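# A look at the structure
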Amino acid sequence: MHDKGLDFKHKEVVNIKDGKRLGYVQDVCADLETGVITSIIVPGSNKFLNIFSQNNDIVIPWQNIKCIGDDLILVDF
C-alpha cells in the first residue's frame, strides 16, 4: 500500500461491509511531519437534501483501507 497520492484519484472506493460503491477518491490527507497518508476522501452523496449541508464528504481513515488494486480500493467502513 505505497501508492502516490495522485494515483488514488483514478481509483473507485468500495465498502466491503455492504458492497456499496462510495465513489472515486477526491483527495488524500497526510501527516505533514512524516509524509504518511492518514486518510482518503470521497465525495458524499448527491441527494437533494444534502445540497444544504456544507460538507458531506466521506473521510476514510487509512486503517480502514483493506486492499488497493489497479482500479479499486476496498475499505471496511
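My aim in this report is to walk through the structure given alongside it, one point at a time. (Residues numbered from 1 in each chain as written. Predicted model: local features only at pLDDT ≥ 70, side-chain atom pairs only at ≥ 80, totals over all residues. Heavy atoms only, no water.)

### Concerning the nonpolar core
Soluble globular proteins tend to pack their nonpolar side chains together in the buried interior. Rules: Put simply, buried Ala, Val, Leu, Ile, Met, Phe, Trp, Tyr and Cys residues joined by side-chain atoms within 4.5 Å make one nonpolar core. For every residue, the accessible area obtained with a 1.4 Å probe (protein chains only) is divided by the maximum for its type, and the residue is called buried under 20%, exposed over 50%, and partly exposed between those limits. Helix numbering and strand numbering both begin at the N terminus, where a helix is a DSSP run of H or I of at least 4 residues and a strand a DSSP run of E of at least 2. Note on contacts: a residue pair qualifies if any of its non-hydrogen atoms lie within 4.5 Å across the two residues.
Counting residues in hydrophobic clusters, the biggest one holds twelve residues: F8, V13, L22, V25, I37, I40, V42, I60, I65, I68, I73 and V75. Going through the elements one at a time, β4 (37-42), β6 (65-68) and β7 (72-75) are the ones with two or more residues in this core. Residue contributions to this core peak at three residues, all from β4. Once residues within four sequence positions are removed from consideration, I60 is found in contact with V13, L22, S39, I40, V42, V75 and F77.

### Quick look at the pattern of salt bridges
Where we set the bar: Basic side-chain nitrogens of Lys or Arg form a salt bridge, by our definition, when they fall within 4 Å of a carboxyl oxygen of Asp or Glu.
Per the stated rule, a full pass over the model turns up two salt bridges. Of the charged contacts, one joins R21 and E12 as a salt bridge, the two residues approaching to 3.8 Å between their closest N and O atoms. A relative accessible area of 61% places R21 in the exposed class. For K17, the salt bridge goes to D76, with nearest N and O atoms at 3.8 Å. Highlighted residues: K17 in the loop between β1 (12-15) and β2 (21-24) and D76 in the segment after β7, separated in sequence by 59 residues.

### What to know about the sheet that holds β7
Note on sheets: strands pair through backbone hydrogen bonds, and any given pair is parallel or antiparallel. Our working definition: Should DSSP find at least two bridges between two strands, the strands are regarded as paired. Axes, fitted as lines to C-alpha atoms, cover a helix only where it is in contact. Angles between the N-to-C directions of the axes lie from 0 to 180 degrees.
If you trace the four strands from one edge of the open sheet to the other, you get β2-β1-β7-β6, paired in mixed fashion. Two strands close off the open sheet at either side, each with one partner strand: β2 and β6. Neighbour to neighbour, the strand axes of the sheet diverge by 20° on average, direction disregarded. Sheet topology places β1 next to β7; four bridges connect them, and they run parallel. Considered in β7, the bridge of V13 is made with I73.

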